[in-house]
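# A look at the structure
Take a look at the letters that make up each chain.
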Amino acid sequence: MENLQLQKIANEIRKGIVTAVYSAKSGHPGGSLSAADIFTYLYFEEMNVDPVHPRKPDRDRFVLSKGHVAPGLYAALAHRGFFPVADLSSLRHVGSYLQGHPDMKCIPGVDMSTGSLGQGFSAAVGMAAAGKLDNQNYRVYALAGDGEIQEGQIWEASMFAGHRKLDNLVLIVDNNGLQIDGKIEEVCSPYPIDKKFEAFNFHVITIDGHDFDAIRGAFREARKIKGMPTAIIANTVKGKGVSFMENQASWHGSAPNEEQYKAAMEELEKAGEALCQK
Amino acid sequence: MSEVKKIATRESYGNALVELGKIHEELVVLDADLAGATKTGMFKKAFPERFFDCGIAEANMTGIAAGFAACGKVPFMSSFAMFAAGRAFEQVRNSIGYPHLNVKIGASHAGISVGEDGASHQCNEDIALMRMIPGMVVINPCDDVEARAAVKAAYEYDGPVYLRFGRLAIPVINDENKYEFEIGKGIVLKEGKDVTIIATGLCVYEALGAARMLEEDGIDAEVLNIHTIKPLDEALVLASAAKTKKVVTVEEHSVIGGLGSAVCDVLCEKAPTQVMKIGIQDVFGESGPAVELIQKYGLDAENIYKKVKAYI
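How each quantity is defined
Residues numbered from 1 in each chain as written. Chains lettered and ligands numbered in written order. Predicted model: local features only at pLDDT ≥ 70, side-chain atom pairs only at ≥ 80, totals over all residues. Helix = DSSP H or I, 4+ residues; strand = E, 2+ residues; numbered from the N terminus. Rg over C-alpha atoms; globule rule 2.2 N^0.38 Å. Buried ≥ 20, exposed ≤ 12 C-beta atoms within 10 Å, placed from the backbone. Contact = placed C-beta atoms within 7 Å. Expected span 1.5 Å × (residues − 1). Axes fitted to C-alpha atoms, helices over the stretch in contact; angles between N-to-C directions. Parallel < 35°, antiparallel > 145°, perpendicular 65-115°, else oblique. Nonpolar A, V, L, I, M, F, W, Y, C, P; charged D, E, K, R; others polar. Arc of directions from axis to C-beta. Domains from an automatic or database assignment. Pairing = 2+ DSSP bridges. Core = buried A, V, L, I, M, F, W, Y, C linked by C-beta atoms within 7 Å.

Regarding its fold elements, chain B presents 13 helices and 14 strands. In terms of overall size, chain B behaves like a compact globule, its C-alpha atoms giving a radius of gyration of 18 Å where 312 residues would be expected to give roughly 20 Å. Each principal axis of the C-alpha distribution contributes one length, and for chain B these read about 60 × 40 × 40 Å. In chain B, which comprises 312 residues, the proportion classed as buried is 60%. Within chain B, residue pairs in contact and separated by at least 24 positions form 79% of the contacts whose partners lie at least 6 positions apart.

Glancing now at helix 1 (residues 9-23) of chain B. With 15 residues, helix 1 of chain B ought to run about 21 Å at 1.5 Å a step, and its terminal C-alpha atoms sit 21 Å apart, in line with that. Burial in helix 1 of chain B covers these residues: B:Thr9, B:Arg10, B:Glu11, B:Ser12, B:Tyr13, B:Gly14, B:Ala16, B:Leu17, B:Leu20 and B:Gly21.

On to the packing of helix 1 (residues 3-24) of chain A against helix 10 (residues 258-276) of chain A. Residue and element names in this part refer to chain A. Taken N-terminus to C-terminus, the directions of helix 1 and helix 10 make an angle of 170°; their axes are 10 Å apart at the nearest point. Here helix 1 lies roughly antiparallel to helix 10, going by the angle between them. Two secondary-structure elements touch here, helix 1 through Leu 4, Gln 7, Lys 8, Asn 11, Arg 14, Lys 15, Val 18 and Tyr 22 and helix 10 through Tyr 261, Ala 264, Met 265, Leu 268, Ala 271, Gly 272 and Leu 275. When grouped by side-chain class, the residues that make up the contact of helix 1 with helix 10 number nine nonpolar, three polar and three charged.

Often, the extent of an interface is quoted as the loss of accessible area on bringing the components together. Between chain A and chain B, the residue contacts involve 22 residues of the former and 22 residues of the latter. At the level of elements, helix 5 (119-133) and helix 6 (152-163) of chain A are the ones that each hand at least two residues to the side of chain A that touches chain B. When its residues are assigned to classes, the side of chain A that touches chain B shows eleven nonpolar, eight polar and three charged.

Next up on the list: helix 9 (residues 212-224) of chain A. All names here are of chain A. For helix 9, spanning 13 residues, the distance from its first C-alpha to its last is 19 Å, which sits close to the expected 18 Å at 1.5 Å a residue. Those residues of helix 9 that fall on the buried side of the exposure criterion are Phe 212, Ile 215, Ala 218, Phe 219 and Ala 222. Each buried residue of helix 9 lies within a common arc of 125° when the element is viewed along its axis, so the set occupies one face. Turned more than 90 degrees away from the buried face of helix 9, the exposed residues are Asp 213, Arg 220 and Lys 224. Those residues of helix 9 that are buried lie in contact with helix 1, helix 3 (36-46), strand 3 (169-175), strand 6 (203-208) and strand 7 (230-235).

Let us look at the domain arrangement of chain B. Residue and element names in this part refer to chain B. Each assigned domain of chain B is listed here: domain 1 (6-171) and domain 2 (187-311). Its C-alpha centre places domain 1 at a distance of 25 Å from the equivalent point of domain 2. Classifying every residue of the side of domain 1 that touches domain 2 by side-chain character gives 14 nonpolar, eight polar and five charged.

The next subject is the environment of B:Asn177. Residues and elements named next belong to chain B. Mapped onto the elements of the fold, Asn 177 is located in the loop between strand 8 (170-171) and strand 9 (187-190). Classification of Asn 177 by C-beta neighbours within 10 Å gives exposed; the count is 6. Separated by 115 residues in the primary sequence, Asn 177 and Glu 292 place their C-alpha atoms 33 Å from one another.

Residues and elements named next belong to chain B. Pairing is mixed across the open sheet formed by five strands, whose spatial order is 9-11-10-13-14. A strand with exactly one partner marks an edge of an open sheet, and here the two such strands are strand 9 and strand 14 (274-280). Between one strand axis and the next, the sheet turns by 25° as a mean value, whatever way the strands run. Two strands pair when backbone bridges link them, and strand 13 (residues 246-254) and strand 14 are joined in this way by six bridges, in the parallel orientation. Bridge pairing in strand 14 links Ser 254 to Ile 280. Across the face of the sheet, helix 11 (residues 259-270) comes into contact with strand 10 (195-199), strand 13 and strand 14 while running at roughly 145° to strand 13. The strands touched by helix 13 (residues 301-311) are strand 10, strand 11 (221-225), strand 13 and strand 14; relative to strand 14, the strand with the most contacts, the crossing angle is about 160°.

So, on to the sheet that holds strand 2 (residues 140-145) of chain A. Residue and element names in this part refer to chain A. Judged by pairing direction, the sheet is parallel, and its five strands sit side by side in the order 1-2-3-7-6 without closing on themselves. The open sheet has two free edges, formed respectively by strand 1 (61-64) and strand 6, since each of these has just one partner strand. For this sheet the average axis-to-axis angle between neighbouring strands, irrespective of direction, equals 20°. By the bridge criterion, six bridges tie strand 3 to strand 7 in an arrangement that is parallel. Among the inter-strand pairings, Asp 174 is bridged to a residue of strand 7, identified as Ala 234.

For the rest of this paragraph, the subject is the nonpolar core. A general feature of soluble globular proteins is that nonpolar side chains tend to end up buried together. By size, the foremost hydrophobic cluster in this structure holds 191 residues, and its most contacted members are A:Val125, B:Tyr162, B:Ile197 and B:Ala207. For this core, the two domains that each supply at least three residues are domain 1 (6-171) and domain 2 (187-311) of chain B.

Moving on, we come to the environment of B:Asn303. Residues and elements named next belong to chain B. Looking at where Asn 303 falls in the secondary structure, it is placed in helix 13. In this structure Asn 303 comes out as partly exposed when scored by C-beta crowding, with 18 C-beta atoms within 10 Å. For the pair formed by Asn 303 and Asn 124, sequence separation is 179 residues and the distance between their alpha carbons is 19 Å. Excluding residues that lie within four positions of it along the chain, Asn 303 makes contacts with Gln 295 and Gly 298.

With that settled, the discussion passes to the pairing of strand 2 (residues 27-31) of chain B. All names here are of chain B. Burial analysis of strand 2 places four of its five residues in the buried class, which makes it a mostly covered element. Bridge count between strand 2 and strand 4 (residues 74-80): five bridges; the pairing is parallel. Along strand 4, the bridge assignment pairs Leu 30 with Met 77. Pairing between strand 2 and strand 3 (residues 51-53): three bridges, direction parallel. Among the inter-strand pairings, Asp 31 is bridged to a residue of strand 3, identified as Asp 53.

Written as structure tokens, this is what we have:
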């Protein structure tokens with residue numbers, strides 16, 4: 001798929017994120033928007049998935065370890081055809097299957113229930129180990145937040161993945177630099193992130209997480225790496241695509257009011273129109 | 001009377017895993033550097049490619065087990081009860097319980113019968129923790145025969161199961177040829193009319209001993225073996241309580257949240273009955289030989305006998 005097409009899809013996913021969080025009157029737009037391009041590439045280019053058969057055994061697996069950015073995952077799944085885009089408006093509503101954090105029991109395309117930080121990556125590592133045990137060719141992808149890697153369990157899982165040489169596993173770290181309490185380097189710095197994963201026997205690739213050429217290059221490189229898992233450190237902008245949300249920790253976990261929603265959607269509509277004229 | 005054969009239920013667990021592993025390719029075993037103690041080392045020796053030592057990292061082991069289960073494997077993950085149910089509680093709740101994944105937690109070294117290692121390793125809280133998780137089955141077998149049957153039943157059951165095993169070699173009281181295990185089905189070991197003694201785990205043998213002593217005093221005690229604490233065999237508990245009107249629970253676990261609490265939950269709501277809970281009385285354990293600790297904390301036949309006698 002051409003970059004322009006991916007950019008258009010990513011813009012639609014961003015609209016889905018803003019709409020879902022606005023409808024829910026709560027949720028996590030900042031980290032959803034920062035990861036929107038990663039979600040787009042994974043679900044529209046990289047992964048072997050089938051919306052008609054969401055549980056087909058040979059599918060690639062995706063685990064959203066930073067489960068709070070469920071709006072980003074749901075918008076990607078909806079646009080990929082796993083469920084109706086209109087359902088995004090039911091996010092976090094009583095009775096809706098679109099739970100505040102991913103629930104594998106009731107959401108088509110969700111491979112693991114997550115939300116408690118640090119836990120999803122371990123499950124992804126287990127899936128990768130299971131694939132190796134069965135000589136399956138599927139690949140496993142996990143997305144973690146840069147704040148999330150403060151959790152010790154991430155490093156327990158990394159030690160195991162490196163030790164077991166799980167080259168069917170890719171961890172993407174959404175390095176948007178912000179967590180709830182502020183800048184990650186001020187709260188409790190995880191830097192240098194790349195050297196840490198290298199020390200845990202990962203192949204590490206650092207990219208601009210909004211550049212589809214760079215994203216494509218990283219995932220292609222990861223497929224060639226044998227004998228070790230890959231960590232892609234994606235440098236991103238929290239709130240990317242909605243100017244008043246960009247680089248603001250306050251938009252980690254708050255929903256736009258009606259005025260802000262309209263402004264955000266207008267900006268994304270304009271961005272979409274600009275892409276159509278390219 | 002000939003000497004009773006004694007086997008630790010962790011040993012039963014190890015043996016059962018090997019037997020099941022021969023039949024079921026999808027069974028995998030995970031441990032956190034305690035394979036020698038939890039007896040999963042027996043499986044490791046037989047099926048090294050299906051054994052995953054996660055190192056001293058129980059939280060991660062729990063997540064890895066969840067990932068295996070999500071891919072169709074049937075993982076048995078093992079550590080001491082303190083770490084499997086205690087340290088990794090939130091991982092068990094969120095990565096196994098909430099998605100209702102088919103993971104079996106084989107927790108050894110439960111209760112004060114850990115012995116010399118002392119309070120830091122004596123988990124008297126695991127049943128309470130595990131039974132609070134929606135959909136979690138909690139099984140505490142009383143001997144080798146029951147433990148092996150429980151492991152097999154846990155394998156056949158689709159969903160998360162917590163299996164509690166002990167370090168101490170304990171008497172084999174069930175006859176393998178006659179024994180039948182069903183999850184959630186309690187067993188009447190002795191019928192009686194004066195008092196119901198409901199026991200679980202290694203306390204079942206002690207309860208039977210107490211019942212014999214009571215019998216010599218003319219007290220006819222009914223003894224129930226509740227191997228499955230969740231789902232509890234409510235019908236059996238209610239029927240026995242209706243008959244004897246007096247209930248005693250005995251467990252190698254805190255009296256807060258364990259078998260005693262589970263029995264009280266049912267009786268309070270459906271047939272208020274006086275209950276005396278024998279167990280660890282809201283204290284930490286201590287170092288010492290297991291048998292001496294069982295006596296000191298009042299879980300042996302003699303102490304149970306005295307307490308029941310005073311109670312009725």
